Structures are given as C-alpha cells and as structure tokens.
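# Examination of the molecular architecture
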Amino acid sequence: MWYNLNVDNIYSERSIEILKPNTYASGLRDGVPIGLGYLSVSFSFGIMAVSSGIPLVWTLLISMTNLTSAGQLAGIGIIAAGGSLTELALSQLIINSRYFLMSLSLSQRVDSRFHLLHRLVTSFGVTDEVFAVAASRPHEISPRYMYGLITMPYLGWSLGTLLGAAAGSILPALVTDALGIALYGMFIAIVVPPVRANLRLLAVVVPAIAISCAIAYIPALSFISGGFSIIISTVIAALIGALTFPIETEDPADE
Amino acid sequence: MNNSYLIYILVMAGVTYLIRMIPLAAVKGKIRSRFVQSFIYYVPYAVLSAMTIPAIFTAAPSLLASLAGLGVGIAVALVSGKLLTVALSACGAVLATQLLLMLL
C-alpha cells in the first residue's frame, strides 16, 4: 500500500503498449513524472542547504551522491550544526533503513540478466517512488529498464538542487520562503494518503510527532540534537507500531 | 572546512548506499521475522512524521504561513495524493499567507 503510492499516477499503462516493457526507453518514460516531482522538491532542498550555510558545490554533491530527501534534510541539519559523524551516520542508517526493505523486495523481482555489477549500480537509485513503480510492474525487471527508470529522477534531483542552491540568492525572499516548504509537502503527500486508508498507522504517526515535539519543546530535553531527535522518535514510534499492529503479509511489498 | 564537508558527505553517501546495495547484491532469501518486517514497514511513516512536525512550524517566515502550508498540504493530500500537487499547494498557501500579512 504505502509502497504502491501514486503508482496509478506515475505508471502509464500506455507505455507498455507502445514500448517493449523491459527496454531502457520504457524505463526512461516511466521515470519522467518522478523526475519532474523531484525537480521541484530538490529545488527546495537546494535553497534550504545554502541558507543553512553549506556552499553550492557541496550541496550539489550531497544530492548527486545521496539521492534521498529525508536523509539529506536531516543530514544538512547535522552538518550545519557541526554534529558528530556518529550522529550523521546513525541518522542516515535509521532514516534510510526503509531502502533496505525495498532493495530486498527488488532482489526477488529482478530477472536473470541482473548480474552483480547491475545490482551494485542500480541499487544506488532505489528511492521511494522508483521502488513504487518498479515493484508494481507485471514483468520481472531487466537491468535496462531499471537504468532507464533511474535516469530522470536522478537528473531531476540533481538539477533541481543546483537551481535551488543557485537561485536561492537571486529569487525574491517571498518566493524562496514559500518554496522552502515543498520538501515537507512531499513528506505530507507520502504519509497522509496511506494513513487515510489505514487509520492504524496513526499508532505510529502520533507517537512520532509527540516525541519529536516533546524533544523540541521540553527544556529538560533540549540537549538532544535534531538528528538524534529524529532517530529516537522513529525507533520508538516504529517499535510501538510493530508491537501493537504487526503487519500480516509475508512480503510487505505485495500489500 | 572543505575537508570536513568532504568527510560528512562521504559518511552520508556511504551509509545510504550500503543500505540500498547490501540487500540487492547479497541477500538471496527474505526476512522471516514478522516483528522485523513490521518495524521496517513502519519506519517511513515514523521518520517523515517526526521530521515534518514540529520542523514545519518554522519552515515559513511566520507561524501562520507555516500552519497554512501544513493545513493545505494535508487537505490536498487527502483529496489528491499526488506528490507535485501537494508540494506546490503547500508552497502556494505559504506565499498567499505571506502576501496577505504584508497587505494587512
């Protein structure tokens, strides 16, 4: 369910009819809507990173080497605050642990042409939306399709970051301030629809918000930095979810 | 400072890549533990919720604009769910609120 988010919007049945299903071109085409979405969201990331004091080149490098929204946002917070490498590594491990499950699921769906080198390269491009599209395909996934699917999201994410980082100082403050919320808008778009469809997810969402707010607003807890706040909130909330409502399916991606 | 940026980014990118690469490259079987499956399944909701609130309250220049962005974002997400639509609607709400505050 969560993994299949927006698949109806992203995934065009027509592309199968026109293009052979497992070619680079069909993957490229399926990735266009994701790339466009990333362009606007990473624009917001670029603005935020530069305004937090990270130079343009390093901001661009972060996007080109990480390709992940939530992890990068937490990362620039920690970098700008001069946080420890342990905090940075731990935050990425917790925030991005969802990719572990996605890659695991994909490993069951790739075809016989997927040799180790292809796995080493394409795993870099596994994002929430890329996984959602790849996992929803009726066919086994070929390496060429996967390379095609990753191309536009990668270009969109990198180009958007560059434009945001460069234009952040050119655009009027009124506009950059407004674009700064786009990244959170994407988070809302990922969380809200599944919660609406399955209210039991509130058992995870509500504790996560409560804990992160408690750490932010209770003075006695103010020694906890932003990065660790996300880690603590996530681990406790996901534990609550796993204990109260264990998922029922053998393969979560099939849900 | 540039050296520390390099180290920060290497750590960030390295950890993120390993998480994605290891299962695809090495793991042949499936995770059997229902508890571990459940925990990993719930992580994205927990992460994104904790990252959005309370951080979004200070994402716009005024609390009012932030709340407008949050409210409109949730409302549009309930109706549409499309990533781009929700993100741009939230931006529009912030822009409109800030314009309104300037005029008042």
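How each quantity is defined
- Residues numbered from 1 in each chain as written.
- Chains lettered and ligands numbered in written order.
- Predicted model: local features only at pLDDT ≥ 70, side-chain atom pairs only at ≥ 80, totals over all residues.
- Heavy atoms only, no water.
- Helix = DSSP H or I, 4+ residues; strand = E, 2+ residues; numbered from the N terminus.
- Buried < 20%, exposed > 50% of the residue type's maximum accessible area, 1.4 Å probe, protein only.
- Contact = heavy atoms within 4.5 Å.
- Areas by Shrake-Rupley, 256 points an atom, 1.4 Å probe, with all protein chains shown as cover.
- Rg over C-alpha atoms; globule rule 2.2 N^0.38 Å.
- Core = buried A, V, L, I, M, F, W, Y, C linked by side-chain atoms within 4.5 Å.
- Patch = residues over 30% accessible without salt bridge, like charges linked within 9 Å, V, L, I, M, F, W, Y side chains within 5 Å.
- Salt bridge = Lys/Arg side-chain N within 4 Å of Asp/Glu carboxyl O.
- Buried area = accessible area lost by both parts, 1.4 Å probe.
- Polar contact = N/O pair within 3.5 Å; in protein donor to acceptor, adjacent residues only side chain to side chain.
- Nonpolar A, V, L, I, M, F, W, Y, C, P; charged D, E, K, R; others polar.
- Phe/Tyr/Trp six-rings, centres within 6.5 Å; stacked < 30°, edge-to-face > 60°.

## Some words on the overall build of chain A
Summing up its helical and strand segments, chain A has 14 helices and zero strands in all. Starting at the N terminus, the α and β elements of chain A follow one another as α-α-α-α-α-α-α-α-α-α-α-α-α-α. Taking all 255 residues of chain A together, the buried fraction comes to 56%. Residue pairs in contact within chain A that sit at least 24 positions apart in sequence constitute 77% of those at least 6 positions apart. Just so you have it, chain A exposes about 10,000 Å², and 68% of that area is on carbon and sulfur atoms.

## With respect to the overall build of chain B
When its secondary structure is counted, chain B shows four helices and zero strands. Overall, chain B shows an N-to-C arrangement of helices and strands of α-α-α-α. In summary, chain B has a C-alpha radius of gyration of 20 Å against a globular reference of 13 Å for 104 residues, an excess of more than 25%. Taken along the three principal axes of its C-alpha coordinates, chain B extends 60 × 45 × 20 Å.

## Some details on the nonpolar core
Grouped together as the largest cluster of nonpolar side chains are 90 residues, with contacts concentrated most on A:Met146, A:Phe187 and B:Met51. Of all the elements, helix α12 (residues 182–197) of chain A adds the most residues to this core, at 11 residues. Beyond its immediate stretch of four places on either side in the chain, A:Phe187 contacts A:Ser69, A:Ala70, A:Leu73, B:Leu48, B:Met51 and B:Thr52.

## Notes on a nonpolar patch on the surface
Residue and element names in this part refer to chain A. Together, Val 50, Leu 56, Val 57, Leu 61, Leu 159, Leu 162 and Leu 163 give the surface a local cluster of nonpolar side chains, amounting to about 510 Å² of exposed area. Mapped onto the fold, Leu 56 is located in helix α4 (residues 56–66). With relative accessibility at 31%, the residue Leu 56 sits in the partly exposed group.

## A short note on the side chain of B:Ser66
In this structure, B:Ser66 sits in helix α3 (residues 63–79). With sequence-adjacent residues up to four places away left out, B:Ser66 is seen in contact with A:Ile181, B:Ile56, B:Phe57, B:Thr58, B:Ala59 and B:Ala60.

## Looking at the pattern of salt bridges
Residue and element names in this part refer to chain A. Tallying each qualifying case throughout the model produces one salt bridge over all chains. The shortest N-O distance in the salt bridge between Arg 113 and Asp 111 comes to 2.9 Å. Given the relative accessible area of 8%, Asp 111 is considered buried.

## Remarks on the interface of chain A and chain B
The interface of chain A with chain B comprises 102 residues on the first partner and 68 residues on the second. When chain A packs against chain B, close to 7,800 Å² is buried across both sides, 76% of that on carbon and sulfur atoms. Where chain A touches chain B, the interface holds zero salt bridges. Here chain A and chain B share 16 residue pairs in polar contact (both at pLDDT 80 or more) between them. Grouping the constituent residues of the side of chain A that touches chain B by class yields 65 nonpolar, 28 polar and nine charged.

## A few points about the packing of aromatic side chains
Residue and element names in this part refer to chain A. The full count for this structure, using the stated rule, is seven aromatic pairs over all chains. Centre to centre, the rings of Tyr 38 and Trp 157 are 5.5 Å apart; their planes meet at 75°, and the pair counts as edge-to-face. Linking Tyr 38 in helix α3 (residues 24–51) with Trp 157 in helix α10 (residues 143–167), this pair joins segments that are 119 residues apart in sequence. Tyr 38 gets classed as buried once you look at its relative accessible area, which sits at 4%. Using a relative accessible area of 2% as the deciding quantity, one classes Trp 157 as buried. For the pair Phe 124 and Tyr 154, a centre-to-centre distance of 6.0 Å together with 65° between the ring planes defines the contact as edge-to-face. Pair noted here: Phe 124 is in the loop between α8 (116–122) and α9 (128–135) and Tyr 154 is in helix α10, with a separation of 30 residues, a long-range link. Taking relative accessible area as the criterion, Tyr 154 reaches 22% and is therefore assigned partly exposed. Three or more aromatic residues joined by ring pairs make a cluster, and in this case those are Tyr 38, Phe 45 and Trp 157.

## Examining the environment of A:Leu85
Its place among the elements puts A:Leu85 in helix α6 (residues 85–95). The residues contacting A:Leu85, other than those within four sequence positions of it, are B:Ile7, B:Tyr8 and B:Val11.

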